[in-house]
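Observations on the model geometry
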Amino acid sequence: MTTDLTEGKPAKKLFWFSLPLLLSVAFQQLYQMADSMIVGRFAATPAAGELALAAVGASYPITQLFVAVATGVNIGTSVLVSQLFGAKRYLRMKTAISTALLTTTTIALALTLIGTLATGGIMRALQTPDNIFADGALYLRVYVFGLLFLFLYNVCTGIFNAMGDSRTPLILLIISSVVNVVLDLVFVAGFQWGVAGVAWATFIAQGGASLLAFALLLRRVRSFDTGGHFLLFAPEMLRRLTNYALPSIAQQSFVSVGNVIIQYYVNLCGATVIAGFSAATKVNMFALTCCMSFASGLSSYVAQNIGARKLDRIGQGLKAGAAFAISLSVVFTAVYLLFADFLVGLFIPAGSGSGVIDVGRQYLFIVTPFYIIVCIKFVCDSVLRGAGAMRPFMVTTFSDLIIRVVLSIVLFQFWQELGIWLSWPIGWFLGSALSAWFYKRGVWKKNLPAL
């Protein structure tokens, strides 16, 4: 089912389009959280569970580097396809989709080779403690083997969203999430495979979902009657895709590199802090990605309306997206402040020391009151991204991250992990202010793409 976001009441259209996106990211984050919960709580001893949680947490920033590239390709493809779909240029849209799929496959295979060769060296460079190194490297190695599935799934769901179909990705993600959690329980709780069980469960679930997404996408593309043959690969579409995707890849990768640097300093604090940070990060990312779902819906809304040249609808969509995202952020802030100990405790085995919960609670108490601020950045960035104004979009994210990384390094010298946590809200303030300024200046209206 495709949805034309260029007609109808903006708030209503945006809400019903974004709701499946919200449910999708909720399921995605829940099954990622389930990995950490199950590996931590079903270990043979509380101490082993804490080390397993730390091992998965130590490899997390590295896996996010690969996710960053996949997400960048997803964003670039989605913007291009949305604009062509909004302009009803279906023959060119098919060429863009085919070009994106071939390009994505090539990138994924290249990164699989690089990741396979570099896994151990990266873990060593990050000063990963010896008592979690083997499990962390094992998890990362299995994850790398599944990169083709990760990339294929991301580009397919990006194309579905671009065509106004947010329900198909939701159904795919629900299936993948359920399979992932069931396999986690079988491999970890049943077979006692530990970290390896979590890794292989993710590999199998993600692989099945990506192949199903690809099959459904081929069927959807064939349903468009274009009255002519499209090109499997077009240099022009590759250029446009590159113009949209590269800044997103750079932005996402830069964020991930920054997180790797931060993880380096977290690793210096020992396994307890790593485990507490890992648990709190999962809880934090659940809230942020759910709030970001309305921004993702807004990005597709903006791109379609840019393609249809209905610029007067952009501001209405921004206000609606901001209202939805901020309302959700207030709910998360209240819940996290009231139940921080319980939420962090879900990830660690019964009988573990209170140190892990203390670390997680401290992190959540510092960052959650500022969710409203970062939501402003999300929605303003979505307008920039949907319009293809990628340079200002990169500037807002880079500024946020540079401040956060630099402050993490500086404040760590004085307050250890507390200094790292304090860098988050400061970076969010700067990034949000810049993003809102770029939107107000109307830079997204300049140099609109030719269709």
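Residues numbered from 1 in each chain as written. Predicted model: local features only at pLDDT ≥ 70, side-chain atom pairs only at ≥ 80, totals over all residues. Heavy atoms only, no water.

**Things to note about the overall build of the protein chain**
Heads up, the condition is: Helix and strand definitions follow DSSP, with helices as H or I runs of at least four residues and strands as E runs of at least two, each counted in order from the N terminus. The classification of residues rests on relative accessible area computed with a 1.4 Å probe and restricted to protein chains. Under 20% of the type maximum is buried, over 50% is exposed, and intermediate values are partly exposed. Residue contacts follow a heavy-atom distance rule, with two residues in contact if any of their heavy atoms lie within 4.5 Å. Using the Shrake-Rupley algorithm and a 1.4 Å probe, accessible areas are obtained, with residue cover drawn only from the displayed protein chains.
A tally of regular secondary structure across the protein chain gives 14 helices and zero strands. Reading the protein chain from its N terminus to its C terminus gives the helix and strand order α-α-α-α-α-α-α-α-α-α-α-α-α-α. Among the 451 residues that make up the protein chain, the fraction classed as buried is 58%. Long-range pairs, those at least 24 residues apart, make up 85% of the contacts in the protein chain between residues at least 6 apart in sequence. A total accessible area of about 17400 Å² is found for the protein chain, and carbon and sulfur atoms account for 69% of it.

**A short note on empty space enclosed by the protein**
One simple way to see leftover space: roll a probe sized like a water molecule over the atoms. Applied cut-off: The method works on a 1 Å grid over the protein atoms by themselves. A cavity is a set of points holding a 1.4 Å probe that cannot get out, a pocket is an open set with protein on both sides within 12 Å along at least five of seven lines, and residues with an atom within 4 Å of a point line them. Grid points are joined across faces, edges and corners, and a volume is the space filled by probe spheres set on the points. Note on residue classes: Ala, Val, Leu, Ile, Met, Phe, Trp, Tyr, Cys and Pro are nonpolar, Asp, Glu, Lys and Arg are charged, and everything else, Gly too, is polar.
The full count for this structure, using the stated rule, is two cavities of 30 Å³ or more. If you add up the space inside the second largest cavity, you get close to 40 Å³. Contributing elements (two or more residues each) for the lining of the second largest cavity: α4 (130-145) and α7 (195-222). At four residues, the largest contribution of residues to the lining of the second largest cavity is made by α7. Residue composition of the lining of the second largest cavity, grouped by class: four nonpolar, three polar and no charged.

**Considering the packing of helix α5 (residues 147-162) against α7**
Threshold: Fitted lines through C-alpha atoms give the axes, limited to the stretch in contact for helices. The angle between two N-to-C directions lies from 0 to 180 degrees. Every angle not falling under 35 degrees, over 145, or within 65 to 115 is termed oblique; those three ranges are roughly parallel, roughly antiparallel and roughly perpendicular. We call a crossing left-handed when the near helix sits turned anticlockwise from the far one by less than a right angle, and right-handed when that turn is clockwise.
It is the contact of α5 with α7, at a shortest axis distance of 8 Å, that shows an interaxial angle of 40°. Here α7 runs oblique to α5, going by the angle between their axes. Considering only the axes of α5 and α7, their crossing is left-handed. Only Phe203, Gln206, Gly207, Ala209, Ser210, Leu211, Ala213, Phe214, Leu216, Leu217 and Arg220 of α7 make contact with α5, whose side of the interface consists of Phe149, Leu150, Leu152, Tyr153, Cys156, Ile159 and Phe160. For the contact of α5 with α7, the residue count by class is 14 nonpolar, three polar and one charged.

**A look at the layout of surface pockets**
Computed from the structure, the second largest pocket encloses a volume of approximately 290 Å³. Forming the boundary of the second largest pocket are Lys94, Ile97, Ser98, Leu101, Leu102, Thr105, Leu152, Phe214, Leu218, Val221, Arg222 and Phe230. Of all the secondary structure elements, the ones that give two or more residues to the lining of the second largest pocket are α3 (90-125) and α7. The dominant element in the lining of the second largest pocket, judged by the number of residues it contributes, is α3, at six residues. For the lining of the second largest pocket, a count of residues per class yields eight nonpolar, two polar and two charged.

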